[in-house]
Amino acid sequence: MLENGALENGLENGDGLENGDASENGDASENGDASENGDASTRRAAVAVADRLAVTGRRSGRGLDRGFRYLAVTSGVLIVMVLAAVAIFLVVQAWPALRAGRSVSDEVGWIPDGSSVLEAVGPLVFGTVLAALVALAVAVPVAIGIALFISHYAPRRLASALGYLVDLLAAIPSVVYGLWGVMVLAPLLHPVFSWLVRWLGWIPLFAGDSAGNASNPPRVLMTASLVLAVMILPIITAVCREVFLTTPTLHEEAALALGATRWEMIRMAVLPYGRSGIVSASMLGLGRALGETMAVLMVLSPGMLYSLKMLVGSQQQTIAANIAAKFNDASPMGHSALIATGLALFVITMMVNMAARAIVARRKDFSGAN
Amino acid sequence: MSQRIEAKDLNIYYGSFLAVAGVTMSIEPRSVTALIGPSGCGKSTFLRTLNRMHEVIPGARVEGTVDIDGVDLYAPGVDPVAVRRQVGMVFQRPNPFPTMSIAENVLAGVRLNNRRINKSDAADLVEQSLRAANLWNEVKDRLDRPGSGLSGGQQQRLCIARAVAVRPRVLLMDEPCSALDPISTLAIEDLVAELKSSYTIIIVTHNMQQAARVSDRTGFFNLEEAGQPGRLVEIDDTATIFSTPGKQATEDYISGRFG
């Protein structure tokens, strides 16, 4: 879903460039009009050539053309059908739990007594969104920095090596990230978290537990978010890098010729031009962070609270990790309740995607796509 | 505001390739100098050395001196960014910033120099610069619309307004009309004639009629064969170049007997 969105956004950019060219063609044809009257014979010759080409091309070309069109249409229809199938599956399977109302809590262990599925899914949605947003807030500035370094600062050889390394980060399985998060990152983070609780504890996100401490070992949402940030870094960096590299030299030179320094040039020409690309990249990353299961499952000590305390354990849980943790030994009603939470995740990602498109579309006139 | 330019023994390289060799030229203040010559002869490359834009390309470098107002642009310790704030440039294809409005485009260079410019000063400067570029009447009702919505000719005049808004001493124009239709071209040529009273202008053009129309002096660049560096063949008063040029190569090029 999200990937589709980003791809289409990418295509929109592409269209924009073509439009730019098209206007040029317009100019060119105006110039052409001036010499119009002379060349009737040339044009006849051209038409004759075109005819001949069409005639020879017809035998094999048409069949291929039709075949390719069917292939394209089928693929297009297929993606819609898969999406619809997933949505229908989620709704149908979730229905028993949704209909059961508050009695669902008698049958399903993780739902607090007397709560319906909708009430129980609230803290999960909260935890999922909180973890993903913090991950995004950490990852996006770093990713933009890396992408700019690769596209505009690093010498060419270093840039390609670094780009390759960042891409490699994407190839690491999430279970490995989970192990790394628990065994390496968490112990390293504990002193940092203690410091944050001590000095910045008045900020709700950094508040300590009832004794005023950060949890140790820090199997807390902040650790999970930081692992998620590392995991979504490559995709955001890769998309941003590609977008920054497509900044027209014309615009960069315009800024430099006005006396802009490198950073001013980036601020005047590169970042505004890449804005919609940055949003698309962030949404791709957010999509991955929202749905990431294994790393969160391994790192986080779960809880079912609406809690902003990111440095204390047993406070929050994410939807995906909760499904993975509970699915194996769930009753039929338990399955249905978990699938209902999956439906909630599906709706969230869809809303994120639509919001991203709205942001990109809002300043379309100024996007460089006209 | 305008200054005499002296280029002495300029050798211009792309990596190890010598693209332009031995250019010595002196340009009077408040004059228009046209640079003509076949493609690849190095006239645009030479132009870009006058505001140190040449070195933006990786591996590009310059030997020799360019004096503006007695200061060598290539002396150690001279900041290329400072040079570019004094020597404005207009490019071959119009390149207003697509994410900025018309007014923001005009102010783009000014904001780099002086972040805090109050609103009425900014509005005055926008009007002044757009009037200088003969664009004010066409865009005064839509200053907050994107600059990329204008026609090609208007965009190019917007770029000229953006360049003159920072009050440079020198204005470089790299084939400013090559992407424009004849009417827009005429508008730019008229504008060059007006701007001459305040700026030293150097214009690269492929259009010899244009060189003859707009310039006081004309320099002819040529290269002996592909792979050889381009050289300045001669520079003289435009009338002389187009009637009785000193060199055979110039006459051949101007009369269309070239190549």
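Below you will find a few notes about this structure. None of the values given here were measured: they were computed from a predicted structure. For every chain, the first residue of the written sequence is number 1, and numbering continues from 1 along that sequence. Key to labels: chains lettered from A, ligands numbered from 1, both in the order written. With pLDDT at 70 or above as the cut-off, local features in this predicted model cover only qualifying residues; side-chain atom pairs require 80 or more to be listed or tallied, and sums for whole chains, interfaces and linings still use all residues. With hydrogens and water stripped out, all remaining heavy atoms of the structure feed into the side-chain values.

**Re the overall build of chain A**
Counting secondary structure elements, chain A contains 13 helices and zero strands. By definition, any uninterrupted DSSP run of H or I lasting at least four residues is a helix, any uninterrupted run of E lasting at least two residues is a strand, and each is numbered from the N terminus. Helices and strands in chain A line up, N terminus first, as α-α-α-α-α-α-α-α-α-α-α-α-α. For chain A, buried positions account for 41% of its 370 residues. Residue pairs in contact within chain A that sit at least 24 positions apart in sequence constitute 76% of those at least 6 positions apart. What sets the accessible areas is the Shrake-Rupley method with a 1.4 Å probe; for residues, cover comes only from the shown protein chains. A total accessible area of about 19500 Å² is found for chain A, and carbon and sulfur atoms account for 66% of it. For the exposure calls, accessible area comes from a 1.4 Å probe over protein chains only, and a residue counts as buried if that area is under 20% of its type's maximum, exposed if over 50%, partly exposed in between. The contact definition used throughout considers only heavy atoms, calling two residues in contact when any of these lie within 4.5 Å.

**Topic: the packing of aromatic side chains**
Only the six-membered ring of Trp is used, alongside the rings of Phe and Tyr, when aromatic pairs are assigned; centres must lie within 6.5 Å, and planes under 30 degrees apart are stacked while those over 60 apart are edge-to-face, with the rest tilted. One pass over the structure, following the stated rule, counts three aromatic pairs over all chains. Look at Phe46(B) and Phe221(B): their rings are 5.6 Å apart centre to centre, the planes differ by 40°, and that puts the pair in the tilted class. Taken together, the residues span a long stretch of sequence, with Phe46(B) in helix 1 (residues 43-49) and Phe221(B) in strand 9 (residues 217-223) at a distance of 175 residues. Neither Phe46(B) nor Phe221(B) differs from the other in exposure class; each is buried. When the ring centre of Tyr70(A) is taken as origin, the NZ or CZ atom of Arg69(A), which lies over that ring, is 5.7 Å away. Think of it as a cone above the ring: NZ of Lys or CZ of Arg counts as a charge over the ring if it is within 6 Å of the ring centre and within 35 degrees of the ring normal.

**A short note on unusual backbone geometry**
That bond from Asn216(A) to Pro217(A) is cis: its omega, -5°, falls within 30 degrees of zero. Within the secondary structure layout, Pro217(A) lies in the loop between helix 6 (174-200) and helix 7 (221-245). Of note in this structure, Asp9(B) is not a glycine but carries a positive phi near 45°. The topology assignment puts Asp9(B) in strand 1 (residues 5-14). Look at Glu175(B): it is not a glycine, yet its phi comes out positive at around 45°. Residue placement: Glu175(B) occurs in the loop between strand 7 (170-174) and helix 7 (182-195).

**Looking at the packing of helix 7 of chain A against helix 10 (residues 275-291) of chain A**
Residue and element names in this part refer to chain A. Inter-axis angles, ranging from 0 to 180 degrees, are taken between N-to-C directions of lines fitted to C-alpha atoms, where helices are fitted over the stretch in contact. Where helix 7 contacts helix 10, the two axes come as close as 9 Å, and the packing angle between them is 160°. Taken together, the axes of helix 7 and helix 10 lie roughly antiparallel to each other. By crossing handedness, the relation of helix 7 to helix 10 is classed as right-handed. Between helix 7 and helix 10, the contacting residues are Leu228, Met231, Ile232, Ile235, Ile236, Val239, Cys240, Val243 and Phe244 on the first element and Gly277, Ile278, Ala281, Ser282, Leu284, Gly285, Arg288 and Ala289 on the second. Among the residues forming the contact of helix 7 with helix 10, the class breakdown is 13 nonpolar, three polar and one charged. Throughout this description, any angle smaller than 35 degrees is read as roughly parallel, any larger than 145 degrees as roughly antiparallel, any in the 65 to 115 degree range as roughly perpendicular, and the remainder as oblique. Whether a crossing is left-handed or right-handed is set by the direction in which the near helix is turned from the far one by less than a right angle, anticlockwise for left-handed and clockwise for right-handed. By the convention adopted, Pro, Cys, Tyr, Trp, Phe, Met, Ile, Leu, Val and Ala count as nonpolar, Lys, Arg, Asp and Glu as charged, and the other residues, Gly among them, as polar.

**What about the side chain of Thr33(B)?**
All names here are of chain B. By secondary structure assignment, the location of threonine 33 is in strand 3 (residues 32-36). Look at threonine 33 and you get buried, because its relative accessible area is 1%. Beyond its immediate chain neighbours, meaning those up to four positions away, threonine 33 contacts Ile27, Ile201, Ile202, Ile203, Ser215, Arg217 and Ile235.

**A few points about helix 7 of chain B**
Spacing of three or four residues puts side chains on the same side of an α-helix, whose turn is 3.6 residues. All names here are of chain B. The end-to-end C-alpha separation of helix 7 is 20 Å, in line with the 20 Å expected for 14 residues at 1.5 Å each. By the burial criterion, the buried members of helix 7 are Ser184, Thr185, Ile188, Glu189, Leu191, Val192 and Leu195. The arc that holds the buried residues of helix 7, viewed along the axis, is 160°, so those residues lie on one side. Counted as exposed and oriented over 90 degrees from the buried face of helix 7: Pro182 and Ile183. Residues of helix 7 that are buried make contact with strand 3, helix 4 (119-132), helix 6 (152-165), strand 7, strand 8 (200-204) and helix 8 (208-214). Backbone nitrogen of isoleucine 183 and a side-chain oxygen of the N-cap are separated by 3.0 Å at the start of helix 7; the cap is aspartate 181. Helices are assigned an expected span. That span is 1.5 Å times one less than the residue count. As used here, the arc is the angular range of directions from the helix axis to the C-beta atoms. Think of a polar contact as two N or O atoms within 3.5 Å of one another; within protein, one of them needs to be a possible hydrogen donor and the other a possible acceptor, and neighboring residues in sequence only count if both atoms come from side chains.

**Here we look at the interface of chain A and chain B**
Chain A puts 27 residues into the contact, and the matching count from chain B is 31 residues. Buried surface area refers to the total accessible area, computed with a probe of radius 1.4 Å, that the two partners give up upon joining, counted for both partners together. A buried area of about 2500 Å², summed over both sides, lies between chain A and chain B, and 60% of it is on carbon and sulfur atoms. For Glu253(A), the salt bridge is made with Arg48(B), and the minimal N-O distance between the two is 2.8 Å. Linking chain A with chain B are four residue pairs in polar contact (both at pLDDT 80 or more), by the criterion used here. Listing elements by their share of the side of chain A that touches chain B, those giving two or more residues are helix 1 (2-34), helix 8 (249-257) and helix 9 (262-273) of chain A. Per-element tally for the side of chain A that touches chain B: the top contributor is helix 8 of chain A, with seven residues. Tallied by class, residues from the side of chain A that touches chain B come to twelve nonpolar, seven polar and eight charged. The term salt bridge refers to a side-chain nitrogen of Lys or Arg lying within 4 Å of a carboxyl oxygen of Asp or Glu.

**Quick notes on the nonpolar core**
By size, the foremost hydrophobic cluster in this structure holds 118 residues, and its most contacted members are Ile236(A), Met268(A), Phe46(B), Phe97(B) and Phe221(B). No other element matches helix 4 (residues 117-153) of chain A, which puts 16 residues into this core. Residues in contact with Phe46(B), not counting those within four places in the same chain, are Ala7(B), Leu10(B), Ile12(B), Val23(B), Met25(B), Leu35(B) and Phe221(B). The set of buried Ala, Val, Leu, Ile, Met, Phe, Trp, Tyr and Cys residues whose side-chain atoms join them within 4.5 Å is what this entry labels a nonpolar core.

**A few points about the pairing of strand 10 (residues 230-237) of chain B**
All names here are of chain B. When strand 9 meets strand 10, the two strands line up antiparallel, connected through seven bridges. Residue pairing across strands places leucine 223 opposite glycine 230, the latter belonging to strand 10. A pair of strands is treated as paired once DSSP finds two or more bridges between them. In textbook terms, the turn of a hairpin is the stretch between consecutive antiparallel strands, and for strand 9 and strand 10 this stretch comprises six residues, one of which, glycine 227, has a positive phi near 95°.

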